Amino acid sequence: MNKFQTFIRKEPARICMLLLIIVVECVVFSSTGYFFTASNIFDALRASVEIGLAALGMTFVIMTTGIDLSVGSLLALVSVTIGFTYQAGCPFFLSLILGIVVGIAGGAFNGVLIVYGKLHPFVVTLGTFSFYRGIAYAATDAGAVSVFPDAYAYAGRAYILGVVPIQVVVFIVLTVLVWILSKKTPFGTYVTAMGYNEEAAKFSGVQVRKFKMLVYILIGFLVAVAAIIYTSRVSTARGNAAIGMELNVIAAVVLGGTDIKGGKGTIIGTFLGVVILAFLKNGLAMLSIRGDWALCVTGVVLLLGILLNRALEVRQE
């Protein structure tokens, strides 16, 4: 009983996420008989894995009072790197490695400008939002690559036992690993400390520059993994991939209870935020609700989630 009470007292964001999931599943989409099937639930998650992977990294970014508006553009750049280096004659494994390197380099570039250039994360990533997308378009002359090795299809389209998409398993495994990073290593402690008070963290001996750089490198790596899965899933590498993805990523993180002011956030909360948005999008599509109205509903759910989180925090205080 004590553990349950501690959970309720310390983790209101998670409680909020669970309540929202129950509402979405049992009330909004109860009229669609197909919604509760295992295949539909997994397909809903399958379509949101790329958003989820980027959201894991975005959780740390926002916890350090930062933001990254370039994740969708960087995903497109990594996708183009994989596709067009393979088309140019590179061994496919090398193309994948180059894609991961580009993702890490993109995250590191943002980090250098923010950490060492002392520029605001919003301004920097707004610039690289256009810069990365522009490189992707220019390097390909707005073309596309749709021919990949047959084995590559397994990364984005294979199912385990014919039911569970393999990329959902990858997302869950990486979620667990990132959760361990946040809860069981000094990295998570330092990120939280920097978010609460960066100056105090410095005086406590935390290497703020080093760990803030690692945060942006981590999100770059996760975006690269997302790009590998995305390119496999759609079987195409092109510069217009993942347009608007950054908004869904930020929405999932904020809905999961991460404080936009920094210092507070949970990987489990982010995971639940991704699940809620995935089910919401899937359910609205099954109800044949038009895209513009679906966008409005998503915005309302996000606002309600934030307000409920805030109400629970005020009550706790």
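Definitions and cut-offs
Residues numbered from 1 in each chain as written. Predicted model: local features only at pLDDT ≥ 70, side-chain atom pairs only at ≥ 80, totals over all residues. Heavy atoms only, no water. pLDDT = per-residue confidence, 0-100. Helix = DSSP H or I, 4+ residues; strand = E, 2+ residues; numbered from the N terminus. Contact = heavy atoms within 4.5 Å. Polar contact = N/O pair within 3.5 Å; in protein donor to acceptor, adjacent residues only side chain to side chain. Phe/Tyr/Trp six-rings, centres within 6.5 Å; stacked < 30°, edge-to-face > 60°. Buried < 20%, exposed > 50% of the residue type's maximum accessible area, 1.4 Å probe, protein only. Patch = residues over 30% accessible without salt bridge, like charges linked within 9 Å, V, L, I, M, F, W, Y side chains within 5 Å. Areas by Shrake-Rupley, 256 points an atom, 1.4 Å probe, with all protein chains shown as cover. Salt bridge = Lys/Arg side-chain N within 4 Å of Asp/Glu carboxyl O.

## Topic: the confidence of the model for the chain
In step 1: With 88% of its residues at a pLDDT of at least 70, the chain reaches an overall mean of 86.
In step 2: Here helix α1 (residues 2-10) is the element of the chain with the lowest mean pLDDT, 46, and helix α6 (residues 92-116) is the one with the highest, 97.
In step 3: Confidence drops under pLDDT 50 across residues 1-8; counting only partners more than four residues distant or on other chains, this segment forms three contacts.

## Some words on the side chain of Thr81
In step 1: Structurally, the position occupied by Thr81 is in helix α5 (residues 71-87).
In step 2: A distance of 2.8 Å separates a polar atom in the side chain of Thr81 from the backbone oxygen of Leu77.

## Side note on the packing of aromatic side chains
In step 1: Going through the model one piece at a time under the given rule, you end up with 11 aromatic pairs.
In step 2: Centre to centre, the rings of Tyr86 and Phe92 are 5.3 Å apart; their planes meet at 85°, and the pair counts as edge-to-face.
In step 3: Put simply, the rings of Phe60, Phe187, Tyr190 and Phe211 touch in pairs and so form one group of aromatic residues.

## Focus on the environment of Leu74
In step 1: On the secondary structure map, Leu74 appears in helix α5.
In step 2: Given a relative accessible area of 3%, Leu74 falls into the buried group.
In step 3: Separated by 62 residues in the primary sequence, Leu74 and Ala136 place their C-alpha atoms 8.7 Å from one another.
In step 4: In contact with Leu74, other than residues within four places in its own chain, are Val102, Gly103, Gly106, Gly107, Tyr132, Gly220 and Val223.

## Observations concerning a nonpolar patch on the surface
In step 1: The grouping of Phe93, Leu94, Ile97, Leu98 and Val101 at the surface amounts to a nonpolar patch, some 440 Å² of accessible area in total.
In step 2: Tracing the sequence through the fold places Val101 in helix α6.
In step 3: We classify Val101 as partly exposed; its relative accessible area is 47%.

## Regarding the environment of Lys118
In step 1: If you trace the backbone, Lys118 turns up in the loop between α6 and α7 (121-140).
In step 2: When residues no more than four places from it in sequence are discounted, the contact partners of Lys118 are Leu113 and Arg209.

## Here we look at the pattern of salt bridges
In step 1: Considering all chains together, one arrives at three salt bridges under this definition.
In step 2: Between Lys212 and Glu198 there is a salt bridge whose closest N-O contact spans 2.6 Å. Pair noted here: Lys212 is in helix α12 (residues 208-234) and Glu198 is in helix α11 (residues 198-203), with a separation of 14 residues, a long-range link.
In step 3: You can call Lys212 buried: its relative accessible area is 11%.
In step 4: One salt bridge connects Glu199 with Lys202, and the closest N-O pair in it is separated by 3.7 Å. On the criterion of helical spacing, the pair formed by Glu199 and Lys202 is a turn pair, its members being three residues apart in helix α11.

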